[in-house]
Amino acid sequence: MKLFIFAILALLSTSLCATSRTPEMVSFGTADGGTIHADYYPASGTMAVVLAHGAIFNKTSWRELAGQLSANQIGALAIDFRGYGKSKSGGRASDRFQDILAAMRYLHRQKNIEQVAVLGASMGGGAAGTAAVHAQKGEISRLLPLSPVSIANPEKINAGKILYIASEKEAGIKSIKAQYQRAPSPKRLELLPGRAHAQHIFNTKEKSALTATIIEFLREQ
């Protein structure tokens, strides 16, 4: 695995120009009558990832990662949750999982994406997990909760493969591990050194390892 990560890092180092790629601005409706605005980073592959931000972030916080995903033939759709930017809620403000479900279905139906993955951080990780509970079989090929907040019923997650990622000493690690234990297989838990939480990991020396881990998981057969 380490050799694979080193290879990915080498590839990323030659693709920095992709991080400045201008995304396509898109919008779509949710099942409860809301409107979600998002940045779409197209790629030549058959997979795309919904990127769901944490509470103090927004869709632009994913720009660098989305560019690197696109450079590796993985499309990305970075959403603004309801109440962020121009996105609006149709029902309850807390039903952010509806925004992710709408984003997934937009990729499947409007962009003809065969495999849709979901990467959610902190608040977005909880929303991603709840979306996976409500998703139909085959809608989510891979789920990546990044330091996710707790959800009520992780054992009901419906996703092809699951990769939990967190810092080994972050404040909520016990809750994250407990949620991971209840989630269905196939699953994996990746713990990175340090205490940084969710998207804050991208501001530490573990940034490259986190990015490589995400890309490796999305590209593995």
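This is a predicted model, so every value here is computed, not measured. (Residues numbered from 1 in each chain as written. Predicted model: local features only at pLDDT ≥ 70, side-chain atom pairs only at ≥ 80, totals over all residues. Heavy atoms only, no water.)

A.B. asks: Please set out helix 3 (residues 97-110) residue by residue, giving values where relevant.
C.D. replies: Counting along an α-helix, one turn takes 3.6 residues, and residues three or four places apart therefore face a common direction. With 14 residues, helix 3 should reach 20 Å at 1.5 Å per residue; the first-to-last C-alpha distance of 19 Å fits that figure. Within helix 3, 10 of the 14 residues are buried, leaving the element largely enclosed by the surrounding structure. For helix 3, every residue scored as buried is listed here: Phe97, Gln98, Asp99, Ile100, Leu101, Ala102, Ala103, Met104, Tyr106 and Leu107. The inward-facing, buried residues of helix 3 contact strand 1 (24-29), strand 2 (35-41), strand 3 (47-52), strand 4 (74-79), strand 5 (115-121) and helix 4 (123-134). Asn112 sits one or two positions beyond helix 3 and adopts a positive phi of about 55 degrees. (Helix = DSSP H or I, 4+ residues; strand = E, 2+ residues; numbered from the N terminus. Expected span 1.5 Å × (residues − 1). Buried < 20%, exposed > 50% of the residue type's maximum accessible area, 1.4 Å probe, protein only. Contact = heavy atoms within 4.5 Å.)

A.B. asks: Please give an account of the environment of Asp32 that cites residues and values.
C.D. replies: You can see Asp32 is positioned in the loop between strand 1 and strand 2. Residues Asp32 and Ser141, spaced 109 residues apart in sequence, show a C-alpha to C-alpha distance of 24 Å. Ignoring anything within four residues of it in the chain, the contact list for Asp32 reads Arg82, Gly90, Gly91, Arg92 and Gln98. Polar side-chain contacts of Asp32 include one of 2.9 Å to the side chain of Arg82. A polar contact is formed between the side chain of Asp32 and the backbone nitrogen of Gly91, at a distance of 3.2 Å. (Polar contact = N/O pair within 3.5 Å; in protein donor to acceptor, adjacent residues only side chain to side chain.)

A.B. asks: Any chance you could break down the packing of aromatic side chains for me, citing the residues and the numbers?
C.D. replies: For the structure on display, the rule yields three aromatic pairs. A ring pair is formed by Trp62 and Phe202, whose centres lie 6.4 Å apart and whose planes are at 80 degrees; its orientation type is edge-to-face. Here Trp62 is found in the loop between strand 3 and helix 2 (63-71), whereas its partner Phe202 is found in the loop between strand 8 (187-192) and helix 6 (207-219), with 140 residues between them in sequence. By relative accessible area, which is 1% here, Trp62 ends up buried. Above the plane of the ring of Phe217 lies Arg142, whose end atom (NZ or CZ) is 5.8 Å from the centre. For the cation-ring pair, Lys187 lies above Tyr180, with the distance from its terminal atom to the ring centre recorded as 4.7 Å. (Phe/Tyr/Trp six-rings, centres within 6.5 Å; stacked < 30°, edge-to-face > 60°. Lys NZ or Arg CZ within 6 Å of the ring centre and 35° of its normal.)

A.B. asks: Help me get a handle on the pattern of salt bridges, residues and values and all.
C.D. replies: Under the counting rule described, the total for this entry stands at 12 salt bridges. As a salt-bridge pair, Arg82 and Asp99 come within 2.8 Å of each other at their nearest N and O atoms. Highlighted residues: Arg82 in the loop between strand 4 and helix 3 and Asp99 in helix 3, separated in sequence by 17 residues. Overall, Arg82 belongs to the buried group, its relative accessible area being 4%. Among the charged side chains, a network of salt bridges with common partners joins Lys161, Arg188, Glu190, Glu216 and Glu220. (Salt bridge = Lys/Arg side-chain N within 4 Å of Asp/Glu carboxyl O.)

A.B. asks: Got a sec to walk through the confidence of the model for the chain? Specific residues and values, please.
C.D. replies: Looking at the chain, pLDDT values average 93 and 90% of them are 70 or higher. Element-level pLDDT for the chain is lowest in helix 1 (residues 2-13), with a mean of 46, against a maximum mean of 99 in strand 5. (pLDDT = per-residue confidence, 0-100.)

A.B. asks: Residues and numbers for the nonpolar core, please.
C.D. replies: Ranked by size, the top nonpolar core spans 41 residues in total, and within it Phe28, Leu77, Ile79 and Ile100 carry the most contacts. Those residues within four positions of Phe28 in sequence are excluded, and the remaining contacts are Gly34, Thr35, Ile36, Ala38, Leu77, Ile79, Asp99, Ala102, Ala103 and Tyr106. One finds Tyr41, Val49, Leu144 and Phe217 within the second-largest nonpolar core, a separate group that totals 28 residues. (Core = buried A, V, L, I, M, F, W, Y, C linked by side-chain atoms within 4.5 Å.)

A.B. asks: Explain the pairing of strand 1 to me, and be specific about the residues and the numbers.
C.D. replies: In terms of strand pairing, strand 1 meets strand 2 through six bridges, oriented antiparallel. Along strand 2, the bridge assignment pairs Glu24 with Tyr40. Counting the residues in the hairpin turn of strand 1 and strand 2 gives five residues, including Gly33, whose phi is positive at 90 degrees. (Pairing = 2+ DSSP bridges.)

A.B. asks: Quick rundown of the environment of Phe217? Include the residues and the values.
C.D. replies: Considering the arrangement of structural elements, one finds Phe217 in helix 6. With near-sequence residues (within four places) excluded, Phe217 lies in contact with Arg142, Leu143, Leu144, Lys161, Ile162, Leu163 and Arg188.

A.B. asks: How would you explain helix 6 if you had to name every residue and give the values?
C.D. replies: The end-to-end C-alpha separation of helix 6 is 18 Å, in line with the 18 Å expected for 13 residues at 1.5 Å each. Here helix 6 has its buried residues at Leu210, Thr211, Ala212, Thr213, Ile214, Ile215, Glu216, Phe217 and Leu218.

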